[in-house]
Amino acid sequence: MMETQAQQPEQEKSSVPQDILSFSGGDNRNLPKLPAAKESESQWQQIIRQIVEFLNNLPDYLGSIFNNNKQGLITLVLILSAFVTVKVAIALLEAVNGVPLLQPIFELIGISYFIWFAFRYLLKFETRQELSQKFNSFKQQSLG
């Protein structure tokens, strides 16, 4: 009985190292290798440092982009603001048109102003010249 008990631990002991040896002692060239723990920590630290540097330099980058493309950005902002203004004006007109009697009143006001403008500035040559001079002076004041 002692011989059987002595043989069993020897078999158990010998089987465990064989598994380890066969797994680690084989051809390891095709197996992927993991980096050491210290290297991965330093890589994470490098990535975090690069992100922090980028965020610290972000205002400078944006400032240089704005300075290099100032005219284009101003034009874009003006176009977007004009678009928003038109949308708001259309929404206001639709809201006003929804109120009873306001739409016909505004139409009458518009028609009467057009009739006054036509009689005042468009019928006679002298008044057309006066309108042209006013328009040119307004254009000079606006454009410089």
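In this text, all values refer to a predicted model and were calculated from it rather than measured experimentally. (Residues numbered from 1 in each chain as written. Predicted model: local features only at pLDDT ≥ 70, side-chain atom pairs only at ≥ 80, totals over all residues. Heavy atoms only, no water.)

Engineer: Would you mind going over the confidence of the model for the chain in detail, with residue names and values included?
Structural biologist: Atomic detail in the predicted coordinates should be set aside for any region of low pLDDT. Residue-level pLDDT values for the chain average 81, and 72% of them are 70 or greater. Throughout residues 10-23 the model reports pLDDT below 50, and contacts reaching past four residues in sequence, or to other chains, amount to 3 contacts. (pLDDT = per-residue confidence, 0-100. Contact = heavy atoms within 4.5 Å.)

Engineer: So, the packing of helix H4 (residues 102-122) against helix H5 (residues 125-143): which residues are in play, and what are the values?
Structural biologist: Between H4 and H5, the least distance of the axes is 7 Å, while the angle of their chain directions is 100°. Relative to H5, the element H4 lies roughly perpendicular. Taken together, the residues of H5 that come into contact with H4 (itself represented by Phe117, Arg120, Tyr121 and Leu122) are Thr127, Arg128, Glu130, Leu131 and Lys134. Among the residues making up the contact of H4 with H5, the classes are represented as 4 nonpolar, 1 polar and 4 charged. (Axes fitted to C-alpha atoms, helices over the stretch in contact; angles between N-to-C directions. Helix = DSSP H or I, 4+ residues; strand = E, 2+ residues; numbered from the N terminus. Parallel < 35°, antiparallel > 145°, perpendicular 65-115°, else oblique. Nonpolar A, V, L, I, M, F, W, Y, C, P; charged D, E, K, R; others polar.)

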